[in-house]
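Chain residues, written in single-letter form:
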Amino acid sequence: KETGKARCVVYSPRQEGSAPEHDISLEAAMFQAVREGEFLLYYQPIVDAHTREILGFETLMRWKHPTLGMVPPVRFIPIAETNGLINLLGAWALKAACVQLKQFEEVAKRSLYISVNISPRQFRNDKFLDVLDDAIAYSGLDGAQLVLEITEGTLMIDPVHAEAILSKMTERKARIAIDDFGTGYSSLAYLKRFPISVLKIDRTFIRDLPASQKDGAICNAVLDLAKHLDLSVVAEGVETEEQLHYLEQRGCQRIQGYLTGKPMPANVAMAALKESTYA
Ligand code: C2E
Ligand code: CA
Ligand code: CA
Ligand code: CA
């Protein structure tokens, strides 16, 4: 119901308050899934709000289990975060996404960027910078084409460590996006302290636009803040023309959501790029 619209959403009966034994079997299945190569990457377009041209993609992980079907990331990412498997999965995703971007660019015949989610545990892992360097070197990508999405929470666990890692990331020209911006409970002071380039407005602030005055005020404030801090903004979860129009009118330059493209397999993304190239 939360998502609104007549959309078919499949919930596992024990998604909420799931029994521990259920999680354990899912966890066991995850190790098997890694061996069997059941994890894949989907790509969701991030588009120019005005022209709707694809500027880049966010990489979203999927788990295609032979009998359970598609297991949503909200179910398996927290488990991977707890048992550490996220380091392995995240390293694979980062490298594969960088390689995929090269292929996207060949099809599009222009420069694009790739945005990759980095979990708190991954961010704090000793090997993370090596993983990043490996992904950049192996793919031949320019670091500037890479955006790493982290949450406010990830920065706040250990701000001193975060500062060191972020400066190393910017040395590699990778940009930092704050994911789910506005949903954490940290002060805005971190925007001053850390080298951040992108704010991603959480979709909970977009969902009830344009009707909700409060959400409108929040979006306006974020856009204004970003403008003055010279940050770019991506509005997440844009599902309607009205939402896009509202945001565009207020200076939001980048949009991501079902309206302009759902997360899709790489071959579908390539077809979309081809179409936009010859249009
Ligand atoms: P997120 O990073 O905030 O990703 C955006 C989520 O919103 C995605 O859900 C995407 O499919 C969904 N979404 C995009 N547009 C719309 C829209 O218009 N309407 C609605 N209702 N939803 C939309 P998804 O793919 O299920 O991923 C959920 C979360 O799982 C992500 O939230 C992220 O926190 C995590 N996740 C996914 N892939 C990865 C990954 O490779 N690594 C890590 N660490 N986390 C990941
Ligand atoms: Ca994200
Ligand atoms: Ca997000
Ligand atoms: Ca989220």
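Small disclaimer: the values here were computed from a predicted structure and weren't measured. Along each chain, residues carry numbers from 1 onward, in the same order as the chain's sequence is written. For this description, chains carry letters from A and ligands carry numbers from 1, given in the order in which they are written. Per-residue local features are limited, in this predicted model, to residues with pLDDT of at least 70; the limit for side-chain atom pairs, both in listing and counting, is 80 or more; totals at the level of whole chains, interfaces and linings are taken over all residues. To obtain the side-chain values, all non-hydrogen atoms of the structure were included, while hydrogens and water were left out.

Draft legend 1. Representation of the coordination of the calcium ion (ligand 2) within the structure. For the calcium ion (ligand 2), the protein coordination sphere consists of Glu 58 (OE), Asn 117 (OD1), Glu 149 (OE), Asp 179 (OD) and Asp 179 (OD), at 2.1 to 3.2 Å. One can describe the site at the calcium ion (ligand 2) as irregular: its six donor atoms subtend angles covering 44 to 179 degrees at the metal. For Na, K and Ca the donor cutoff is 3.2 Å, while for all other metals N, O and S atoms count as donors only within 2.8 Å; water does not appear among the atoms, so some sites may look incomplete. Here the calcium ion (ligand 3) and the calcium ion (ligand 2) are spaced 3.9 Å from one another, each receiving a donor from Asp 179. Here Glu 58, found in strand 2 (residues 54-65), pairs with Glu 149, found in strand 5 (residues 146-151); they are 91 residues apart in sequence, far enough to count as distant. Classification of Glu 58 by relative accessible area gives buried; the value is 4%. Geometry assignment treats four donors as tetrahedral when all angles are between 85 and 135 degrees, treats four as square planar and six as octahedral when opposite donors are over 155 degrees apart and all others between 65 and 115, and treats everything else as irregular. Helix and strand labels come from DSSP, where a helix needs a run of H or I of at least four residues and a strand needs a run of E of at least two; each type is numbered from the N terminus. When a residue's accessible area, from a 1.4 Å probe over protein chains only, is under 20% of the maximum for its type it is buried; when over 50% it is exposed; and in between it is partly exposed.

Draft legend 2. The packing of helix 2 (residues 73-83) against helix 3 (residues 85-108), seen in detail. Note on geometry: axes are lines fitted to C-alpha atoms, helical ones only across the stretch in contact, with angles between N-to-C directions running from 0 to 180 degrees. In contact at an axis separation of 5 Å, helix 2 and helix 3 are set at 115 degrees when each is read in the N-to-C sense. Residues Ile 77, Ala 80, Glu 81 and Asn 83 of helix 2 form the contact with helix 3, whose participating residues are Leu 85, Ile 86 and Leu 89. Across the contact of helix 2 with helix 3, the residue classes tally to five nonpolar, one polar and one charged. Every residue pair with non-hydrogen atoms within 4.5 Å of one another is taken to be in contact. Residue type decides the class: Asp, Glu, Lys and Arg count as charged, Ala, Val, Leu, Ile, Met, Phe, Trp, Tyr, Cys and Pro as nonpolar, and the leftover types, Gly among them, as polar.

Draft legend 3. Representation of the packing of helix 3 against helix 5 (residues 128-139) in the model. Following both chains from N to C, one finds helix 3 and helix 5 inclined at 20 degrees, their axes separated by 9 Å at the closest point. Judged on the interaxial angle alone, helix 5 and helix 3 are roughly parallel. Note on packing geometry: the crossing formed by helix 3 with helix 5 is right-handed. Between helix 3 and helix 5, the contacting residues are Ala 91, Leu 94, Lys 95, Cys 98, Val 99 and Lys 102 on the first element and Phe 128, Val 131, Leu 132, Asp 134, Ala 135, Tyr 138 and Ser 139 on the second. Working rule for angles: under 35 degrees goes down as roughly parallel, over 145 as roughly antiparallel, 65 to 115 as roughly perpendicular, anything else as oblique. Two helices cross in a left-handed way if the nearer one is turned anticlockwise from the farther one by less than a right angle. They cross in a right-handed way if the turn is clockwise.

Draft legend 4. Structural view of empty space enclosed by the protein. Cavity and pocket criteria rest on a 1 Å grid covering protein atoms alone: a 1.4 Å probe that fits but cannot get out defines a cavity, protein on both sides within 12 Å along at least 5 of 7 lines defines an open pocket, and an atom within 4 Å of a point defines a lining residue. Grid points are joined across faces, edges and corners, and a volume is the space filled by probe spheres set on the points. Counted according to the given criterion, the structure contains one cavity of 30 Å³ or more. By volume, the largest cavity amounts to about 40 Å³. Put simply, the parts of the chain that give the lining of the largest cavity at least two residues each are strand 4 (113-117), strand 5 and strand 7 (198-201). In the lining of the largest cavity, the residues fall into five nonpolar, one polar and four charged.

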